Amino acid sequence: MPKRAGISLPDRIGVLDLQGGVVEHVRHLERLGLCPVLVKEPENLSGLAGLIIPGGESTCLGRLLTIFGLDEAIIDQYRRGMKIWGTCAGAILLAAKITGGDHCLALVDIEVARNSFGSQLDSFTDYALIPELSPVRLPLTFIRAPKIIKVGPGVRVLLAKDDFIAAVESDGALVTTFHPELTPCLAFHRYFARKCGLKPLDETIVADIDPAWDSTSWTDHLRI
Ligand code: GLN
């Protein structure tokens, strides 16, 4: 851990490891030269600069967070300065308001509507230019995704499409309703690492769209 004036600074990113797409986030962080920490219990949060809450099933993840005593611990670490990024189900867990449902961590002032594109079979891929992240168009994978339908003060929109918002950030959080970890795109993980004050491998060493990405990912097989 690096030190500034005798104080140890957090230098790791954690990935919540209760359910969902954990390993794909871990691999993307490793491609950027980072050394992620699996978070299964509150003790694993100590010394983290940031935490990724992966996609999965938000009701299940919310219950597991409570069972493992991680909900209060995450809120506490966030208030102490740990950054947080929620992808898809993770975005739902971070939202202050869920249309027709109960909020979980409520760390970001947004309203989300779950399963807004239909069933799992209505999952889809797309591309978008997000100038804050990259000069090239980035691939987006939406899997039974929510829509962000309202954004409060202090929350900046990174990507709006048609009738919904797909990516936002606040000073402490990044929220994406899609799954960058299921694409060859490293731009979101690099952006989050920098938000956490870390130094991931830069674009001259690993491109935003990594040609070395293992294309045997299950998304390729399904061609969604
Ligand atoms: N539909 C899921 C939910 O509402 C989220 C899906 C995902 O994370 N890909 O929890």
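Residues numbered from 1 in each chain as written. Predicted model: local features only at pLDDT ≥ 70, side-chain atom pairs only at ≥ 80, totals over all residues. Heavy atoms only, no water.

A.B. asks: What am I meant to see in the overall build of the chain here?
C.D. replies: Helix and strand counts for the chain stand at six helices and 14 strands. Against the 2.2 N^0.38 benchmark of 17 Å for 224 residues, the chain shows a C-alpha radius of gyration of 16 Å, consistent with a compact globule. Overall size of the chain, expressed as C-alpha extent along the three principal axes, is 50 × 40 × 30 Å. Relative to its 224 residues, the chain shows a buried fraction of 52%. If you take every contact in the chain between residues at least 6 apart in sequence, the share linking residues at least 24 apart comes to 63%. Of the charged side chains in the chain, 23 are positive and 27 negative, and the gap between their average positions amounts to 3 Å. (Helix = DSSP H or I, 4+ residues; strand = E, 2+ residues; numbered from the N terminus. Rg over C-alpha atoms; globule rule 2.2 N^0.38 Å. Buried < 20%, exposed > 50% of the residue type's maximum accessible area, 1.4 Å probe, protein only. Contact = heavy atoms within 4.5 Å. Lys, Arg positive; Asp, Glu negative; His and termini not counted. Charge placed at Lys NZ, Arg CZ, Asp CG, Glu CD.)

A.B. asks: How should the pattern of salt bridges be read in this particular structure?
C.D. replies: Where charged atoms from two side chains of opposite charge approach closely, those side chains can pair. Going through the model one piece at a time under the given rule, you end up with 13 salt bridges. Between Arg-190 and Asp-208 there is a salt bridge, and its shortest N-O distance comes to 2.6 Å. Of the two residues, Arg-190 sits in helix α5 (residues 187–195) while Asp-208 sits in the loop between α5 and α6 (218–222), which places them 18 residues apart along the sequence. Summarising the burial analysis for this pair, Arg-190 and Asp-208 share the class buried. Among the ionic contacts, a cluster of salt bridges with common partners joins Arg-156, Glu-169, Asp-171 and Lys-195. (Salt bridge = Lys/Arg side-chain N within 4 Å of Asp/Glu carboxyl O.)

A.B. asks: What should I look at first to understand the packing of aromatic side chains in this one?
C.D. replies: Given two aromatic rings, their pairing is described by the distance between the two centres and the angle made by the two planes. Counting across every chain of the model gives eight aromatic pairs. With centroids separated by 6.2 Å and ring planes inclined at 90°, the aromatic side chains of Phe-142 and Phe-164 adopt a geometry described as edge-to-face. Of the two residues, Phe-142 sits in strand β10 (residues 138–142) while Phe-164 sits in strand β13 (residues 164–169), which places them 22 residues apart along the sequence. Taking relative accessible area as the criterion, Phe-142 reaches 1% and is therefore assigned buried. Exposure remark for Phe-164: the relative accessible area of 6% places this residue in the buried category. Feature note: the residues Phe-117, Phe-124, Phe-142, Phe-164, Phe-178 and Phe-188 constitute an aromatic cluster, connected by ring pairs. Positioned above the aromatic ring of Phe-117, the side-chain terminus of Lys-147 is 5.0 Å from the ring centre. (Phe/Tyr/Trp six-rings, centres within 6.5 Å; stacked < 30°, edge-to-face > 60°. Lys NZ or Arg CZ within 6 Å of the ring centre and 35° of its normal.)

A.B. asks: Sorry if this is basic, but what is going on with the site of the ligand here?
C.D. replies: By nearness alone, every residue bordering the ligand is listed as Gly-55, Gly-56, Glu-57, Ser-58, Cys-88, Ala-89, Ile-92, Arg-114, Asn-115, Ile-143, Arg-144 and His-179. Interatomic distance of 2.6 Å between a side-chain N/O atom of Asn-115 and a nitrogen atom of the ligand. Here the ligand loses 93% of its free accessible area of 300 Å² to cover by the protein chains. Using a 2 Å cut-off from the grid points, one finds that the ligand occupies the largest pocket. Within the shell around the ligand, the residues separate by chemical class into four nonpolar, five polar and three charged. (Near = heavy atom within 4 Å. Polar contact = N/O pair within 3.5 Å; in protein donor to acceptor, adjacent residues only side chain to side chain. Areas by Shrake-Rupley, 256 points an atom, 1.4 Å probe, with all protein chains shown as cover. 1 Å grid on protein atoms, 1.4 Å probe; cavity = no way out; pocket = protein on both sides within 12 Å on 5 of 7 lines; lining within 4 Å. Sits in = over half its atoms within 2 Å of the grid points. Nonpolar A, V, L, I, M, F, W, Y, C, P; charged D, E, K, R; others polar.)

A.B. asks: Explain the layout of surface pockets here, please?
C.D. replies: There is about 320 Å³ of room inside the largest pocket. If you trace the largest pocket, you find 20 residues lining it, with Gly-55, Gly-56, Glu-57, Ile-143 and His-179 closest to the centre. (Points joined across faces, edges and corners; volume = space filled by probe spheres on them.)

A.B. asks: For this particular structure, what's the right way to read the confidence of the model for the chain?
C.D. replies: Caution applies to low-pLDDT regions: their predicted coordinates should not be interpreted in detail. For the chain, per-residue confidence averages 91 on the pLDDT scale, and residues scoring 70 or more make up 90% of the total. Confidence drops under a pLDDT of 50 for residues 220–224, and excluding neighbours within four residues, the segment shows nine contacts in the predicted structure. (pLDDT = per-residue confidence, 0-100.)

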